[in-house]
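# An overview of the molecular structure
If you want the building blocks of each chain, they are given just below.
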Amino acid sequence: MINPSPDRPALPAELADLAVRARSIRRACLESIAALGVGHVGGSMSVVEALAVLYFRHMRLDPGDAKSPDRDRFVLSKGHAGPALYAALAEKGYLDRPLLLTLNKGGTSLPSHADRQRTPGVDMSTGSLGQGFSAACGIALGLRMDGPRADGTVRRCWTVIGDGESDEGQVWEAAAFAAHYRLSNLVAFTDANRFQIDGATEAVMHLRDLSAKWSAFGWRTFRVDGHDLGALDRTILSACSPDPEADGEGRGRPAMIVLDTVKAKGVPALEGKAESHNAPFGPADLEAALDAMDKEAPRG
Amino acid sequence: MADREMRAVYAQTLTALAASDRRICVVEADLARATGTGPFAKAYPDRFFNVGVAEANLVGVASGLSAAGKRPFAATFACFASRRAYDQFFLSANYAGLEVVLVGTDPGVTAAFNGGTHMPLEDLALMRAVPGLAIVEPADPVSLEAAVKLALERKGCTYLRLQRKPAPEIYGAGEAFEFGKAKLLRPGKDVVLAALGALMVGEARKAADSLAAEGIDAAVVDVFTLAPLDRAVLLDLARKTGRIVTCENHRVTGGLGSAVAELLAEEGVPARLARIGAGADEFGEVGTQDWLAERFRLTAPHIAAAARRLVKGV
């Protein structure tokens, strides 16, 4: 199993490596969408850094043994960010990178929304919003029933929901459930990119203070810049640390990390726009985005 | 021996199986008292989960448990299992290729005093539209025990339609069952009564008795699984008798009657068909089960009358 659970914040060299990984995931994801000409650019770009930190530092998994019962599980409840997940899986070695260019083409193993039966490394089929979050709770419960690994580490389930997705009532059914059953092996993220299909989340359905809501539901709640790799790493470490409110059996609160993110991060033409949710994105758009990325870090 | 309560048989069967199969878990949505899974909760408290009044999460959590290698049995009233949590069951459980057994209790008129809001007369129609799903409605305690075991062994999801009340035993202990295999309970050369579930199989048998008294020889089939449907047995009997009456505690649209109509039409079998069930434009309502069975024309006299009309050609 690779990625032994880290017990300290990432060193500068490790952060530099994570930055390279994130850039590579962002580029591969955009290339895959550009190969089709349209796709979920906005919500894919906003989760790239979180995926990089999870796949290259915190999740216990082994691409060479993708079905290992000892692996951590990951549920992309905002299933429309599938293209970002596929790029991360390719970066990690689950998929051949050229396969990314088949995204959403007939017969592909990389459908728009994540599918556990089609794609190696995908643990749950998602896309109908709210459902993956419930499933993540069930997975965390099932993993806990199996007890810790032979080396004593906790089997974790990780999941990402969207802020728009949080309109779904099922999210809050599951929120109550995870706290009630003290699923402290569940670490969740809300990708708060502040836009949903019909506009700004505050305009379409204002959910007010997400952090306060999660705290009130009985979760350990954190809030962090979702594009700051170092801050992400440190927050995940905190979320995985023993909960001071855990019971005698070590069962504590599930963790919610609210990520302040920018929709379509890294694509200047679409950044922070509702239209980026599912946008036309062709080769010229790709070149413009890659040029912008090059200004921050040379193409390597 | 008094007839065994179906819900007690369900809980006892699961509790017994769970002793040797640690994957089995039970998920309830604040209806454990109704489902009667208390004995399981007592025996295996670490494998019993109550999600509260939250059917979407019920099915979602069960799907997650399956994804983690467990074998969840999730239960709620059939109206909620079908109408309320349909997308969850369709996608998180079935589309995702997992193994969830969803138990819908109090089907059709057995919802009785809970009335029209709680009366699922369309759950079979909804479930029949889910690719690959097995749909089983056992006719007695023995076939219920078998259905639970078969659902546990099955690769894929199962919808178990379950009346809670006692049902008389039709089968002897040790009778072998298979999903997709109907049981011919009584041979007959004039007409086939094809029935699904304890209530309707019981009424069909009574109807066959009364038809025999007037010289009409009616076969009775316990359909057992609506999906997969035993096409071979139904086609064979339909060809031999030329007449078939479907009997379901459900609306006539989308369930057993529709499945048999499709089968006969596609296979070009020249058989007359009558469908016993609530009307296409009727909602459920409140009353005793007996009153409702009469109200929706599900009883033996209505089945016999339908068979008589087919046989006499009127």
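Per chain, the residues get numbers from 1 upward, laid out in the order the sequence is written. Each chain is given a letter, starting from A, and each ligand a number, starting from 1, according to the order in which they appear as written. Note on the predicted model: pLDDT of at least 70 is required for a residue's local features to be given, and 80 or more for side-chain atom pairs to be given and counted; whole-chain, interface and lining totals, by contrast, use all residues. The basis for every side-chain value is the complete set of heavy atoms in the structure, and neither hydrogens nor water enter the calculation.

## Topic: the domain arrangement of chain B
Residue and element names in this part refer to chain B. The test is simple: Domain boundaries shown here were taken from an automatic or database domain assignment. Contact between two residues is taken to exist if any of their heavy atoms lie within 4.5 Å; hydrogens are not considered. Here's the idea: put two parts together, see how much 1.4 Å probe accessible area each one loses, and the total over both is what we call buried area. A side-chain nitrogen of Lys or Arg and a carboxyl oxygen of Asp or Glu constitute a salt bridge if their distance falls within 4 Å. Definition of a polar contact: a pair of N or O atoms within 3.5 Å, with one able to donate and the other able to accept a hydrogen when the atoms are protein atoms, and with sequence-neighbouring residues admitted only if both atoms are side-chain atoms. For helices the rule is a DSSP run of H or I covering at least 4 residues; for strands it is a run of E covering at least 2, with both sets numbered from the N terminus onward.
For chain B, the assigned domains read domain 1 (4-167) and domain 2 (183-312). On a C-alpha basis, the centroid separation for the pair domain 1 and domain 2 is 25 Å. Facing the 30 residues of domain 1 at the interface are 34 residues of domain 2. The junction of domain 1 with domain 2 conceals about 2400 Å² of combined surface from both sides, 61% of it contributed by carbon and sulfur atoms. Looking only at domain 1, the three residues that lose the most surface to domain 2 are Val109, Leu121 and Arg128, adding up to 31% of its buried area. The interface formed by domain 1 and domain 2 holds two salt bridges in total. A salt bridge links Arg251 to Glu122; the nearest nitrogen and oxygen atoms lie 2.7 Å apart. Linking domain 1 to domain 2 there are 16 residue pairs in polar contact (both at pLDDT 80 or more). For the side of domain 1 that touches domain 2, the elements supplying multiple residues, two or more each, are helix H7 (123-128), strand E6 (134-136) and helix H8 (141-153).

## Remarks on the nonpolar core
How we decide: By nonpolar core we mean a set of buried residues, namely Ala, Val, Leu, Ile, Met, Phe, Trp, Tyr and Cys, connected to one another through side-chain atoms within 4.5 Å. Accessible area is worked out with a 1.4 Å probe on protein chains only. A residue is then buried under 20% of its type maximum, exposed over 50%, and partly exposed in between.
Within the largest apolar cluster, 82 residues are counted, with the highest numbers of intra-cluster contacts made by A:Phe133, A:Leu183, A:Leu186, A:Trp214, A:Trp219 and B:Phe89. Considering every element that reaches this core, the biggest residue donor is helix H5 (residues 131-145) of chain A, with eight residues. Three or more residues apiece are contributed to this core by two domains, here domain 1 (4-167) and domain 2 (183-312) of chain B. Those residues within four positions of A:Leu183 in sequence are excluded, and the remaining contacts are A:Cys137, A:Ala140, A:Leu141, A:Arg144, A:Phe177, A:Ala178, A:Gly252, A:Arg253 and A:Pro254. By size, the runner-up hydrophobic cluster in this structure holds 61 residues, among which are A:Val48, A:Val53, A:Val160 and A:Ile236.

## Focus on the sheet that holds strand E2 (residues 73-76) of chain A
Residues and elements named next belong to chain A. Keep this limit in mind: Two strands pair if DSSP finds at least two bridges between them. Axis geometry follows a simple rule: fit a line to the C-alpha atoms, using only the stretch in contact for helices, then measure angles between N-to-C directions, giving values from 0 to 180 degrees.
Read across the open sheet, the five strands follow the order E2-E3-E4-E8-E7; overall the sheet is parallel. In this open sheet, the two strands that pair with only one neighbour each are E2 and strand E7 (220-225). On average, each strand axis in the sheet is tilted by 20° relative to the strand beside it, whichever way the strands run. The sheet contact formed by E7 and strand E8 (residues 255-260) spans six bridges and is parallel. Bridge assignment links Thr221 to a residue of E8, and that residue is Met256.

## Some points on the sheet that holds strand E14 (residues 272-278) of chain B
Residue and element names in this part refer to chain B. Taken together, the five strands give an open sheet; going across it, the order is E9-E11-E10-E13-E14, and neighbouring strands pair in mixed fashion. Single-partner strands in this sheet number two, and they are strand E9 (183-186) and E14. Going from strand to strand, the sheet's axes swing by 25° on average, the running direction of each strand aside. Taken strand by strand, helix H9 (residues 197-213) contacts E9, strand E10 (191-195), strand E11 (218-222), strand E13 (243-251) and E14, and its axis lies near 160° from that of E10.

## A short note on the packing of helix H1 (residues 12-36) of chain A against helix H4 (residues 82-92) of chain A
How two helices pack is summed up by the angle between their axes together with the distance between the axes. Residue and element names in this part refer to chain A. Rule in force here: An angle counts as roughly parallel when it lies under 35 degrees, as roughly antiparallel when it exceeds 145, as roughly perpendicular when it falls between 65 and 115, and as oblique in every other case. It is the rotation of the near helix from the far one that decides the hand of a crossing: anticlockwise by less than a right angle makes it left-handed, clockwise makes it right-handed. Residues are sorted three ways: Asp, Glu, Lys and Arg are charged, Ala, Val, Leu, Ile, Met, Phe, Trp, Tyr, Cys and Pro are nonpolar, and all the rest, Gly among them, are polar.
Between H1 and H4, the least distance of the axes is 8 Å, while the angle of their chain directions is 125°. By the angle between their directions, the pair H1 and H4 is classed as oblique. Considering only the axes of H1 and H4, their crossing is right-handed. Across the interface between the two elements, Arg21, Ser24, Ile25, Ala28, Cys29, Ser32 and Ile33 of H1 pack against Pro83, Ala84, Ala87, Ala88 and Glu91 of H4. Of the residues assigned to the contact of H1 with H4, the class counts are eight nonpolar, two polar and two charged.

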